[in-house]
Amino acid sequence: MSAGTPTDPAPGHADRVEAQAADWLARLDGDGWADADAAALAAWLEAATAHRVAFLRLQSAWQETGRLQALGAGWQGQGVPPRGIWHAAPGDRRAQLLQAIAARPPARPRPRATGARWRLATAAGIVACALFAGWAWRDRQHVDAASFRTAVGEIATQALADGSSATLAGDSRIEVRLSRGERRVDLLRGEAIFAVAKDPSRPFVVATDGYDVVAVGTRFSVRRDEPGLRVVVTEGTVRLQSPAAGDAARPSALLPAGSVALVTADGVLVQSMAASEADHLLGWRDGMLAFRDTPLSQAVAEFNRYNTRQLVIGDAGVAALRIGGNFRGDNADGFVRLLEAGFPVRAERQDQRIVLRSR
Amino acid sequence: MYAVPMLDERRREFPRPRGRRIRYGARMPDALDRWFLEQVLVHEDALTRYLLRHWPARDEVPDLRQELYVRVYEAAARAVPAQPKSFLFASARHLMTDRLRRSRVVSIEPMGDFEPSSVLVDDVSPERWSGGRQALLRLADAFDRLPDRCREVVWLRRVEDLSQRDVAMRLGISEKTVEKHIAKGMRMLAAHLFGGDEAARAGGGHEDLDDVRRHAD
């Protein structure tokens, strides 16, 4: 019998095309992918719609396997989990994890949200990034450059192309350059928390004011501010490199989790605390500001990142007051009322600003 | 034996977000591709079951499905159908009709049997794209069906995030072999995930239709 008219693909055609598509994708996933390969693949994809649809279909399936990480997240044993473990009785950690994931809407964390929603988004969001952002093909020759900024009062989490993410505090700005050998972020203004994707071959460097904060797969925040630079490490270890001074080697300090480094004109002061406590300092992510024996001038600067109605220090006496506590970042009014109640402070409420003076 | 490091706390808390877009050609990840994935491919298992039910030679179904995808994709390139699912099944019906006519195979089934209304009612919601627990378990099942070595390779590559080269080193096999396992894994996973394969296996009982197909000569 004939295989039909010439317009019918020969039997087994789909199978062969699928095999080719799989070969392409597997090579693309590998380490030896070159520009020439990309051109050849583009040509292959253009050659027939059958190629394209087969490729899309397999690519989509492979992408889906990125979510195995969510399953793997609860797995603590050695090696590949045994088959069928996924159906274990609920109550174990993995099952809870699955439920948590299932309960979450399939969105990336919103760039902007407030209060409880934000907390939820942060808790689930970081997981969500991994689940839904797709996969990381490495395009090594390429330099990805991007710039992100937030307005006063805005907190935004930005997924970076390498799989890391940056959460920007209000009134902050970063510039990101991802290249083959290095991931470089310039912190131009404000503060950002970085959750760094592991990639030993490409150090993640946050540069600000001549200092380099270098990390490989960790979480930390960097802030540039009036008194100087602050680095908070909540996971892993980062290296803080001072600006090069003449011929001398750049002095550097290793900051383990729980470190808070304050860099001022006078030098670097490293404080160690429990990582959980250090994490409090990053409370702004959840809309909360935390102060520990902080000069009021600094606290006010912090509030001003989140409120258009700015707080103004009226005199040196007020500036020097030291305060502590946790406050909602968007509730400057409440903060001022507390100050008036507990400190010798008088607030002058004007249209666009609140001036704080000694009483 | 080889040692596999445990997933660390960090990974558990911050599964690596992946945002890198793949670069393989100027035209690639465009709206049409996305449309195809989200509106057409999600119906693969219903579609495959439909084809198996109505097409007498089951080994031809993958070819049929591919041709159908090509037709639908090309049609959508001209004008995106308002109702993708109905369009898909209507196209399936037309394709089968065309093929039967052209290959001069006589079907004793009236053409009306291709009516896809029942398929359209028993809805396969595209919820696997929405990240439900069901979808994860489906993925786990698909993963569990891979042969041992292939499963191991996929795990190391996708969960432990080792490069193909590192996977090869870990397992003491060549990079080429790793690549082959990945290619194979992809195909098997696609078959399970999109359900076509499932349907093929569960679709037994249509063998008795084989005698329905007779050559005109």
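Residues numbered from 1 in each chain as written. Chains lettered and ligands numbered in written order. Predicted model: local features only at pLDDT ≥ 70, side-chain atom pairs only at ≥ 80, totals over all residues. Heavy atoms only, no water.

A. Spatial organisation of the overall build of chain B. Looking only at helices and strands, chain B features 11 helices and 2 strands. Across the 217 residues that make up chain B, the buried fraction comes to 53%. Taking as baseline every contact in chain B between residues at least 6 positions apart, the subset at least 24 positions apart corresponds to 71%. (Helix = DSSP H or I, 4+ residues; strand = E, 2+ residues; numbered from the N terminus. Buried < 20%, exposed > 50% of the residue type's maximum accessible area, 1.4 Å probe, protein only. Contact = heavy atoms within 4.5 Å.)

B. Focus on the nonpolar core. In terms of nonpolar packing, the biggest core is built from 74 residues, with A:L41, A:W44, A:F55, B:F36 and B:L47 touching the most fellow members. A:A278, A:A299, A:L321 and A:V336 belong to the second-largest nonpolar core, a separate cluster that totals 29 residues. (Core = buried A, V, L, I, M, F, W, Y, C linked by side-chain atoms within 4.5 Å.)

C. Broad picture of the sheet that holds strand β17 (residues 345-349) of chain A. Residue and element names in this part refer to chain A. In spatial order, the strands read β15-β18-β17; together these 3 strands make up an open sheet with mixed pairing. The two strands at the open ends of the sheet, each matched to only one other strand, are β15 (310-313) and β17. Averaged over all pairs of adjacent strands, the angle between strand axes in this sheet comes to 25°, irrespective of strand direction. Bridge count between β15 and strand β18 (residues 353-358): 4 bridges; the pairing is parallel. Pairing of L311 across the sheet is with I354, part of β18. Running at roughly 160° to β15, helix α8 (residues 296-304) makes contact with β15 and β18 of the sheet. The strands touched by helix α10 (residues 332-342) within the sheet are β15, β17 and β18, with β17 carrying the most contacts at an inclination of about 145°. (Pairing = 2+ DSSP bridges. Axes fitted to C-alpha atoms, helices over the stretch in contact; angles between N-to-C directions.)

D. Highlighting the packing of helix α3 (residues 44-54) of chain B against helix α5 (residues 84-102) of chain B. All names here are of chain B. α5 packs onto α3 with a crossing angle of 25° between their chain directions and a minimal axis gap of 11 Å. In terms of orientation, α3 lies roughly parallel with respect to α5. Note that α3 runs across α5; the crossing there is right-handed. Residues A46, L47, Y50, L51 and H54 of α3 form the contact with α5, whose own contacting residues are L88, F89, A92, R93 and M96. Its residues assigned to classes, the contact of α3 with α5 shows 8 nonpolar, 1 polar and 1 charged. (Parallel < 35°, antiparallel > 145°, perpendicular 65-115°, else oblique. Left-handed = near helix turned anticlockwise from the far one by under 90°. Nonpolar A, V, L, I, M, F, W, Y, C, P; charged D, E, K, R; others polar.)

E. The pattern of salt bridges, seen in detail. Per the stated rule, a full pass over the model turns up 29 salt bridges over all chains. Between A:R184 and A:E182 there is a salt bridge; the shortest N-O distance is 3.5 Å. With a relative accessible area of 28%, A:E182 lands in the partly exposed category. Salt-bridge contacts for B:R71 lead to B:E67; the nearest nitrogen and oxygen are separated by 3.9 Å. Here B:R71 and its partner B:E67 are both found in helix α4 (residues 61-78), 4 residues apart, which amounts to about one turn of the helix. (Salt bridge = Lys/Arg side-chain N within 4 Å of Asp/Glu carboxyl O.)

F. Broad picture of the environment of A:G317. Residue and element names in this part refer to chain A. Tracing the backbone shows G317 in helix α9 (residues 316-320). The partly exposed category is assigned to G317, whose relative accessible area is 43%. Put simply, G317 and R359 are 42 residues apart on the chain and 9.6 Å apart in space, counted from C-alpha to C-alpha.

G. Local environment of the side chain of A:T49. Within the element layout of this structure, A:T49 appears in helix α3 (residues 49-64). Given a relative accessible area of 17%, A:T49 falls into the buried group. A distance of 2.5 Å separates polar atoms of two side chains, one belonging to A:T49 and the other to B:E74. Not counting the four nearest positions on each side in its chain, A:T49 is found in contact with B:V70, B:Y73 and B:E74. (Polar contact = N/O pair within 3.5 Å; in protein donor to acceptor, adjacent residues only side chain to side chain.)

H. Just unusual backbone geometry, in detail. Residues and elements named next belong to chain A. A positive phi is found at D171, a non-glycine position, where the angle reads about 55°. Position of D171 relative to the elements: it lies in the loop between β3 (165-168) and β4 (173-178). Exposure remark for D171: the relative accessible area of 21% places this residue in the partly exposed category. The backbone phi angle of D209 is positive, close to 55°, even though this residue is not glycine. The topology assignment puts D209 in the loop between β6 (204-208) and β7 (211-215).

I. Examining helix α2 (residues 35-47) of chain A more closely. Residue and element names in this part refer to chain A. Between its terminal C-alpha atoms α2 stretches 18 Å, which fits the 18 Å expected from 13 residues at 1.5 Å a residue. Buried within α2 are the following residues: D37, A38, L41, W44 and L45. Considered in projection along α2, the buried side chains sweep an arc of 125° and stay on one side of the axis. Those residues of α2 that are exposed and aimed more than 90 degrees away from the buried face are D35, A36, A39 and A47. The inward-facing, buried residues of α2 contact α1 (13-29) and α3. (Expected span 1.5 Å × (residues − 1). Arc of directions from axis to C-beta.)

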